[in-house]
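Descriptive structure summary
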Amino acid sequence: MFEVYVHVPFCLRRCGYCDFNTYTAVDLGGGASRGNYAAMAIREMRLVRDWQERHGIAEPPASTVFFGGGTPTILPADDLIAILNAIRELWGVEDGAEITTEANPDTVNAATIRALADGGFTRVSFGMQSAVPHVLRTLDRTHTPANVEAGVLAAEAAGLRSSVDLIYGAPGENLDDWRTSVRAAIDLGVNHVSAYALTVEPTTKMGRQIAAGVLPKPDDDDEAAKYEIADELFSAAGLQWYEISNWARPGSESRHNLGYWRNVDWAGIGPGAHSHYATFTPGGEEDAVPHSLRAWDIAHPRLWGERINAGQVPWADSETITPEESLEEAIMLGLRLRKGLDLTVLDHARMPSDRLSAGIAELERDGLVGFRESRVVPTLRGRLLNDTVIERMFALFDL
Ligand SMILES: C[S@@+](CC[C@H](N)C(=O)[O-])C[C@H]1O[C@@H](n2cnc3c(N)ncnc32)[C@H](O)[C@@H]1O
Ligand code: SF4
């Protein structure tokens, strides 16, 4: 399977909590611009396609395409469609593929959404974050709850599926505020929701305010209570969890994200984007051993563009994924999924199965996982204490 991720590193304004690789017009500086982004991204794709060919990698048509950011919808719809058309031309896109763009609710209107639908997009993921005005203010958001509703209605009218992102645990958000946001997301009638615990990044404005004591630190118990509220209300509304931070109506899960969790190949295009090739054989070396490869693009749009202008794939670096890292990733990812961790695909040579069985039985006794048909599946408690479950599983594999 093959997926394409396109990172669009621009935002109108940086939200105080966010440390994503994104730039406002002010921090962009000279030599990089939103205006030529689509052309540069298309040039990068050609370079990547050549690189794949030189290494004997023949990808099937993309099964999913995801435009993330930053704020992809800061670009004109025509630019996003031009990039999508270039993907069609270079790799092909499967019939019925899932083609998503993230959108800040205040950067889209009915006309942009209609244009995206006509251009082949199938899904929009809106950064809703909260439905409560004081929480939106603390998060430095520029949109209003009405913007989100208008966006979702426009998507529905254009035949697109919608998802919304929520954040819980913002300073000053109480349990009722959070219930209001969860209910508002449900009332929008979307078929997919992501809800993330606020991560406090030390280098952000919010990180500095929390470090200085101007804003209170998020509290683990408060966040756990909010996770339970989300899970209860979403489930009652027919949105079932399928990954720790994601809920969907059955059949509306994000196929793109599931692909990441299933270790497929993906090409990451755009500043800072990561690529992954499950089986890569270094070229020109007779005794080359196939391995998994991870590569990531140069983060700053100007330096990224310079490398492309020099005719080179704009990777900052790449690394081999060792069997041990692959095992760690498989365990971490599997324990985030409703489907659970499939023990039959793990490296059993590393440990006798009776020790594994005993360790899993202990996790079951502690109410952290269930075990069925060779799969270790996290319980609600196991989702809340995901780090502990992963740590204990790593220990079982001597990782
Ligand atoms: C690229 S943004 C989505 C599109 C658009 N940029 C927007 O914010 O509306 C991806 C999502 O990451 C989440 N996010 C970003 N920084 C976060 C943080 N520090 N803690 C938790 N979630 C975060 C937000 O929910 C956000 O919607
Ligand atoms: S949360 Fe979205 S809009 Fe806000 S700075 Fe991050 S990427 Fe930009």
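Residues numbered from 1 in each chain as written. Chains lettered and ligands numbered in written order. Predicted model: local features only at pLDDT ≥ 70, side-chain atom pairs only at ≥ 80, totals over all residues.

Before going further, it helps to examine the domain arrangement of the protein chain. By the assigned domains, the protein chain splits into domain 1 (2-258) and domain 2 (325-396). Once you take the C-alpha centre of each, domain 1 and domain 2 turn out to be 29 Å apart. Facing the seven residues of domain 1 at the interface are seven residues of domain 2. For the side of domain 1 that touches domain 2, the elements supplying multiple residues, two or more each, are helix H9 (220-236) and strand S7 (240-243). For the side of domain 1 that touches domain 2, the per-class residue count stands at five nonpolar, no polar and two charged. (Domains from an automatic or database assignment. Contact = placed C-beta atoms within 7 Å. Helix = DSSP H or I, 4+ residues; strand = E, 2+ residues; numbered from the N terminus. Nonpolar A, V, L, I, M, F, W, Y, C, P; charged D, E, K, R; others polar.)

Moving on: the site of ligand 1. Around ligand 1 lies a shell of 17 residues, among which Asn104, Gly127, Asp165, Tyr196 and Thr199 are the nearest. Among the secondary structure elements, those contributing two or more residues to the shell around ligand 1 are strand S2 (62-69), strand S4 (123-129) and strand S5 (161-168). Its residues assigned to classes, the shell around ligand 1 shows six nonpolar, eight polar and three charged. (Near = placed C-beta within 6 Å.)

Position of glycine 359 among the secondary structure elements: in helix H13 (residues 353-365). Spatially, the C-alpha atom of glycine 359 lies 8.1 Å from that of arginine 392, the residues being 33 residues apart in sequence.

Let's shift gears to the site of ligand 2. In the neighbourhood of ligand 2, the contacting residues comprise Cys11, Arg14, Cys15, Cys18, Phe20, Thr22, Gly69, Gly70, Thr71, Asn104 and Gly127. Per-class residue counts for the shell around ligand 2 are four nonpolar, six polar and one charged.

Below, the discussion takes up helix H11 (residues 301-309). What H11 keeps buried is the set Pro301, Trp304, Gly305 and Ile308. Each buried residue of H11 lies within a common arc of 95° when the element is viewed along its axis, so the set occupies one face. Those residues of H11 that are buried lie in contact with helix H1 (25-28), helix H2 (37-54) and strand S11 (291-297). In the segment just after H11, glycine 311 is the residue with positive phi, at about 80°. (Buried ≥ 20, exposed ≤ 12 C-beta atoms within 10 Å, placed from the backbone. Arc of directions from axis to C-beta.)

Attention now goes to the sheet that holds strand S14 (residues 369-372). Pairing in this open sheet of three strands is antiparallel, and the strands run S13-S15-S14 from one edge to the other. Across the chains shown, the open sheet's two edge strands, defined by having one partner strand only, are strand S13 (341-342) and S14. Relative to strand S15 (residues 375-378), S13 runs antiparallel, the two sharing two bridges. Along S15, the bridge assignment pairs leucine 341 with valine 376. (Pairing = 2+ DSSP bridges.)

All right, on to the nonpolar core then. The tendency in soluble globular proteins is for nonpolar side chains to be buried side by side. Ranked by internal contacts, the top residues of the largest apolar core, which has 79 residues, are Val4, Val65, Ile87, Val164, Val193 and Ile269. Apart from the residues within four sequence positions on either side, isoleucine 87 is in contact with Val4, Met45, Ala62, Val65 and Val93. In terms of nonpolar packing, the next biggest core, distinct from the first, is built from eleven residues, Ile331, Leu341, Val389 and Ile390 among them. (Core = buried A, V, L, I, M, F, W, Y, C linked by C-beta atoms within 7 Å.)

Attention now moves to the pairing of S11. Along a regular strand, successive side chains alternate from one face of the sheet to the other. Judged from the five bridges that link them, strand S10 (residues 274-280) and S11 form a sheet pairing that is antiparallel. Residue pairing in the sheet places histidine 274 in a bridge with tryptophan 296 of S11. Strand direction decides the pairing type here: S11 and strand S12 (residues 315-321), joined by six bridges, are antiparallel. From the neighbouring strand, leucine 293 faces S12, where its bridge partner is threonine 320.

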